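Listed below are the residues making up each chain.
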Amino acid sequence: MSRIVFWIALLVLVFFALRSKLRAALRKQQMHTPPQPPHAAPPAAIEDMTSCAQCGLHFPASEALHADGRDYCSPAHLPANTRL
Ligand SMILES: [Zn+2]
């Protein structure tokens, strides 16, 4: 009976030893190849922002509608005399 207990204990020890070795190897591998943080990509071109003269919404200047020297976010916010 003591032989069976000895072998079971040995198997359990081997199992835990292998598991800890495997975990250490995985941890080491993760340290060598850290995951790329989301901000690592080169930043896109910074775009100028503007605000709508009607509602004050801030949006990219490239999407602005211009009328009377002012920027508007949508055709609905253009002054009545300049609507498309
Ligand atoms: Zn607007």
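About the criteria used
- As a convention, each chain's residues are numbered from 1 in the sequence order in which they are written.
- Only residues with pLDDT of at least 70 are given local features in this predicted model, and only at 80 or more are side-chain atom pairs given and counted; all residues enter the totals for whole chains, interfaces and linings.
- Only heavy atoms go into the side-chain values, all of them from the structure, while hydrogens and water stay out.
- Helix and strand definitions follow DSSP, with helices as H or I runs of at least four residues and strands as E runs of at least two, each counted in order from the N terminus.
- For the exposure calls, accessible area comes from a 1.4 Å probe over protein chains only, and a residue counts as buried if that area is under 20% of its type's maximum, exposed if over 50%, partly exposed in between.
- A contact between two residues is defined here by any heavy atoms of the two lying within 4.5 Å.
- Only nitrogen, oxygen and sulfur atoms within 2.8 Å of the metal, or 3.2 Å for Na, K and Ca, are treated as donors, and water is left out, so sites may look incomplete.
- Angle rules define the geometry names used: all angles between 85 and 135 degrees makes four donors tetrahedral, while opposite donors over 155 degrees apart and all other angles between 65 and 115 make four donors square planar and six octahedral, leaving every other case irregular.
- How sure the predictor is of each residue is captured by pLDDT, a score from 0 to 100.
- Here, nonpolar core refers to any group of buried Ala, Val, Leu, Ile, Met, Phe, Trp, Tyr and Cys residues whose side-chain atoms link them within 4.5 Å.
- Put simply, two rings from Phe, Tyr or Trp (the six-membered ring, in Trp's case) pair if the centres are within 6.5 Å, and we call them stacked under 30 degrees between planes, edge-to-face over 60, tilted for the rest.

Caption draft 1: Highlighting the overall build of the chain. A tally of regular secondary structure across the chain gives one helix and four strands. For the chain, the sequential pattern of α-helices and β-strands runs α-β-β-β-β. Across the 84 residues of the chain, 13% fall into the buried class. In the chain, 2% of the contacts between residues at least 6 apart in sequence involve partners at least 24 apart.

Caption draft 2: View of the coordination of the zinc ion. The protein atoms that coordinate the zinc ion are C52 (SG), C55 (SG), C73 (SG) and H77 (ND1), at distances spanning 2.0 to 2.3 Å. Angles of 96 to 120 degrees at the metal separate the four donor atoms of the zinc ion, which places the site in the tetrahedral class. One chain supplies every donor to the zinc ion, and in sequence these donors are spaced C-x2-C-x17-C-x3-H. Note on C73: relative accessible area 23%, which makes it partly exposed.

Caption draft 3: Spotlight on the confidence of the model for the chain. In this model, the chain carries an average pLDDT of 87, and 87% of its residues clear a pLDDT of 70 or more. Averaged pLDDT values for the elements of the chain fall to 90 in helix 1 (residues 2-32) and rise to 96 in strand 1 (residues 49-51).

Caption draft 4: Local environment of the nonpolar core. Formed by C52, F59, A64, A67, Y72 and L78, the largest nonpolar core amounts to six residues. Residues contacting A67, with those up to four places away along its chain left out, are Y72, L78, P79 and T82.

Caption draft 5: Layout of the packing of aromatic side chains. With the rule as written, the count across this model stands at two aromatic pairs. Taking the centre distance of 5.4 Å and the plane angle of 75 degrees together, the rings of F6 and W7 count as edge-to-face. Geometrically, the ring pair formed by F15 and F16 is edge-to-face, given 5.3 Å between the ring centres and 75 degrees between the ring planes.

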